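An overview of the molecular structure
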There are 2 protein chains.
Amino acid sequence: MALRHAVLAALLDGEFSGYQLAKGFDIGVANFWHALPQQLYAELSRLEDEGLVAGREVVQEGRPNKRMFHVTEAGVAELERFATTPAKPSFIRDDLLVKVQAVDGVDPAPVIAQLQERAAVAEAKAEVLGKLLVRLRGAADEEEFLRTGRRIGPYLTCRRGLAFERETYDWCLRTAEVLRQRVVTVRSGE
Amino acid sequence: MALRHAVLAALLDGEFSGYQLAKGFDIGVANFWHALPQQLYAELSRLEDEGLVAGREVVQEGRPNKRMFHVTEAGVAELERFATTPAKPSFIRDDLLVKVQAVDGVDPAPVIAQLQERAAVAEAKAEVLGKLLVRLRGAADEEEFLRTGRRIGPYLTCRRGLAFERETYDWCLRTAEVLRQRVVTVRSGE
DNA sequence: TGGCCATAGTCAAGAATATGACTACTCTGA
DNA sequence: TCAGAGTAGTCATATTCTTGACTATGGCCA
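The shown structure was predicted, so the numbers you read here are calculated from the model rather than taken from an experiment.

1. Some remarks on the UniProt feature "domain: Transcription regulator PadR C-terminal" (unreviewed entry) in chain A
- The UniProt feature table records "domain: Transcription regulator PadR C-terminal" (unreviewed entry) at residues 92-180 of chain A.
- Taken end to end, residues 92-180 of chain A is 81% helix and 2% strand, and its first and last C-alpha atoms sit 26 Å apart.

Shown next as structure tokens:
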């Protein structure tokens, strides 16, 4: 039940609408918590009912009105409480890893293709995250920023995301190469 | 719905009981697909009903009987089909990352403590995975094994798991250090 | 002027996961 | 000899996540 806390954590950066969160979840918080728009809207409603966030209607012209949310004091208190509860071990869930695990029993060609695709996605994501890091730290260099910046949480999680994507990229390419080599080996009658 | 495929992939290594899978899921397949025992038992039943795995009762003395499962031809075909479906993007889900994201708004002390704990867990897991790699490749060296071994799927996913745990370890320690430094900085009135 | 995309959000239903309790037997250590 | 841990598995319930459809409006392009 940490989606609510992920939302609260994301809202520490300011005021956001459900729609903005749904977009932004792809780059920022989504490194460690993926959610669909429907979940976010529903969670925001629940959080508002419980007084952990507060929303205000923003009337817009030329486009639908929206509701901007921010964290309340009670919301910060809830985050505080959450931070002290023992963390559950993290886990990855990845279709592609399942396919690689099974690769000895099936045709490797589609797996190789998917590794390649995934590498491309990871590369693109890594680039986005790299740029986000630069934007977050602004003019300061990294060390300086980490020592004195006033909002380093997103920066730290972003670094983790970047390392993860780079690792994914490397692993996908190296794994695809291994599988490709084996196809050649088998064909040449090893 | 890839738990079923994770189970099928795990059973490619031989015959296992639900109980064994539940234990082993922690080290092997669990790198990319975590599941509770109840889920595994339920999934095995469903897979058996659908003819994708077959079980046989093994009568034991001094302990409860067990059911050993293996993948059927239909099961392999299902894996084959699965391997060709487009892979969904993977995602991490991590309580601890949420806490780090929120660390600017809350007391960092418990977060630092949890980062330390997590680093220890990751280190232990990395060691287990390292040993598993050695066991999987046996006498051969890595290159040799990857070229000619007949069951490399688990090896490849295990390498990914190892890289992930090492990355987690590094990130946790570096992040904890950053947060500790800041506490000092703030205390000294920066 | 018809179709598509973006903004902004909602509803309902279903599948997948998690939580907690429970049976039953055996071996081991205090 | 009693408690606890390990083996092997089941059941029921609750929460969470995913899928798919749906409302509205405005702008852009052909």
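Now that the structure has been shown, we can carry on.
2. Focus on the interface of chain B and chain A
- Contact with chain B, which involves 70 residues of that partner, is made by 70 residues of chain A.
- Carbon and sulfur atoms make up 61% of the area that chain B and chain A hide from each other, which totals about 6,700 Å².
- Considering only the surface of chain B that becomes buried against chain A, B:Arg93, B:Gln101 and B:Arg160 emerge as the three largest contributors, covering 13% of it.
- Where chain B packs against chain A, one counts 2 salt bridges.
- Residues A:Arg151 and B:Asp104 are paired through a salt bridge, measuring 2.6 Å at the closest nitrogen-oxygen approach.
- For the interface between chain B and chain A, the tally reads 36 residue pairs in polar contact (both at pLDDT 80 or more).
- Here the element with the most residues in the side of chain B that touches chain A is helix H8 (residues 153-187) of chain B; it accounts for 17 residues.
- Its residues placed into classes, the side of chain B that touches chain A shows 35 nonpolar, 16 polar and 19 charged.
- Sheet topology places strand E4 (residues 91-93) of chain A next to strand E4 (residues 91-93) of chain B; 3 bridges connect them, and they run antiparallel. Counterpart to A:Phe91 in the pairing with E4(B) is B:Arg93.

3. Examining the protein's contact with DNA strand D
- DNA strand D sits among 21 residues. The nearest are A:Met1, A:Gln38, A:Gly62, B:Gln60 and B:Arg67.
- In DNA strand D, atoms within 4 Å of the protein come 66% from sugar and phosphate.
- Contact distances for DNA strand D include 3.2 Å between a phosphate oxygen and a side-chain N or O atom of A:Gln39.
- At 2.7 Å, a backbone N or O of B:Arg67 approaches a phosphate oxygen of DNA strand D.

4. Let's talk about the side chain of B:Ser90
- Examined against the element boundaries, B:Ser90 turns out to sit in the loop between helix H4 (73-84) and E4.
- Ignoring any residue separated from it by four or fewer positions in sequence, one finds B:Ser90 in contact with A:Arg93, A:Asp94, A:Arg118 and A:Phe164.

5. Topic: the pattern of salt bridges
- In the structure shown here, the tally under the stated rule is 31 salt bridges over all chains.
- The structure contains a network of salt bridges with shared partners spanning A:Arg4, A:Glu43, A:Arg46 and A:Glu50.

6. So, the protein's contact with DNA strand C
- The environment of DNA strand C is made up of 20 residues, and the closest members are A:Tyr19, A:Arg67, B:Met1, B:Gln38 and B:Gly62.
- Taking all atoms of DNA strand C within 4 Å of the protein, the share assigned to sugar and phosphate is 64%.
- Here A:Tyr19 contributes a side-chain N or O atom positioned 2.8 Å from a phosphate oxygen of DNA strand C.
- Of all elements in the fold, only helix H2 (18-24), helix H3 (37-49) and strand E3 (66-71) of chain A together with helix H3 (37-49) of chain B reach the threshold of two or more residues within the surface near DNA strand C.
- The element that contributes the greatest number of residues to the surface near DNA strand C is H2(A), accounting for 3 residues.
- Class assignment for the residues of the surface near DNA strand C results in 7 nonpolar, 8 polar and 5 charged.

Basis of the calculations
Numbers given to residues run from 1 along each chain, matching the order in which its sequence is written. To read the labels, note that chains go from A and ligands from 1, taken in the order they are written. Note on the predicted model: pLDDT of at least 70 is required for a residue's local features to be given, and 80 or more for side-chain atom pairs to be given and counted; whole-chain, interface and lining totals, by contrast, use all residues. Each side-chain value is worked out from all heavy atoms of the structure, with water and hydrogens disregarded. UniProt positions are given in the numbering used here, feature names are shortened, and annotations may be inferred rather than shown by experiment. Strands are runs of DSSP state E lasting at least 2 residues, helices are runs of H or I lasting at least 4, and numbering of each runs from the N terminus. Residues are treated as being in contact if the distance between any of their heavy atoms lies within 4.5 Å. When two parts are brought into contact, each loses some accessible area as probed by a 1.4 Å sphere; the total of that loss over both is the buried area. Definition used for salt bridges: Asp or Glu carboxyl oxygen within 4 Å of a side-chain nitrogen of Lys or Arg. Throughout this description, a polar contact denotes any pair of N or O atoms lying within 3.5 Å of each other; where both atoms belong to protein, one of them has to be capable of donating a hydrogen while the other can accept it, and for residues adjacent in sequence the pair is counted only when both atoms sit in side chains. Three categories are distinguished: nonpolar for Ala, Val, Leu, Ile, Met, Phe, Trp, Tyr, Cys and Pro, charged for Asp, Glu, Lys and Arg, and polar for the others, with Gly belonging to the last. Strand pairing is defined by DSSP finding a minimum of two bridges between the two strands. Nearness of a residue to a molecule or strand requires only that one of the residue's heavy atoms be within 4 Å of it.

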